[in-house]
Amino acid sequence: PGDVVLFYRTEDEKAVTSIGVVDRFEILNDAAKIASLVSRRTVYALEEIEAMANRKTKVILFRLVEHLPHSVSYDRLIHEHVVTGPIQSIRKVSDVAFSRVLAAAGR
C-alpha cells in the first residue's frame, strides 16, 4: 500500500497513460475471494476471474491519481532508459526513471 503505479496501455497506445496509488495488493488463486475483493472495481467478468484463478493471480486495488497530460510512448521509455525491453509484467522503476516519465508526460 502506498506505492505509486504507472499504467502502461499495451494493446492500443503502447504508452504510459496514467498514475495511481496502491491501496491493497494480494496474490490469490481463489476466484470467489478475488471476485469479492474486486467486486465493483474490475472490468473482468466472473468467468474471466475464474479462468485467471487457475493459477496465482496478482490483485491490485488502487486509486487513480490522474491521467497524464501526454502519454509516454514505449519508444520514449526506451530512449529515456526507463525500460530496456518489452513490458510484459509488473516492473519496478527507479526514482530517476519515474522522474523521467513524469517529465516526458509534462509533469
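Data block above holds the structure.
Notes on the structure follow. Remember, it's a predicted structure, so these values are computed and weren't measured experimentally.

Brief notes about the pattern of salt bridges
Scanning the entire structure with this criterion turns up seven salt bridges. Ionic pairing is found between Asp23 and Arg41, a salt bridge with its closest N-O pair at 3.3 Å. Residue Asp23 is found in strand E2 (residues 15-28), and its partner Arg41 is found in the loop between helix H1 (31-38) and helix H2 (46-52); the two are separated by 18 residues along the sequence. Asp23 gets classed as partly exposed once you look at its relative accessible area, which sits at 28%. Put simply, Arg9, Asp12 and Glu13 are held in one network by salt bridges that share partners.

Concerning the sheet that holds strand E3 (residues 57-73)
With antiparallel pairing, the three strands of this open sheet are ordered in space as E1-E2-E3. Strands with a single pairing partner mark the edges of an open sheet, and in this sheet they are strand E1 (4-9) and E3. In this sheet, neighbouring strand axes are inclined to one another by 35 degrees on average, regardless of whether the strands run parallel or antiparallel. Sheet topology note: the E2/E3 ladder contains 12 bridges and is antiparallel. Looking at the pairing, Glu26 lines up with Val59 of E3.

Calculation criteria
- Residues numbered from 1 in each chain as written.
- Predicted model: local features only at pLDDT ≥ 70, side-chain atom pairs only at ≥ 80, totals over all residues.
- Heavy atoms only, no water.
- Salt bridge = Lys/Arg side-chain N within 4 Å of Asp/Glu carboxyl O.
- Helix = DSSP H or I, 4+ residues; strand = E, 2+ residues; numbered from the N terminus.
- Buried < 20%, exposed > 50% of the residue type's maximum accessible area, 1.4 Å probe, protein only.
- Pairing = 2+ DSSP bridges.
- Axes fitted to C-alpha atoms, helices over the stretch in contact; angles between N-to-C directions.

Everything listed is a geometric property; what it means functionally is a separate question.
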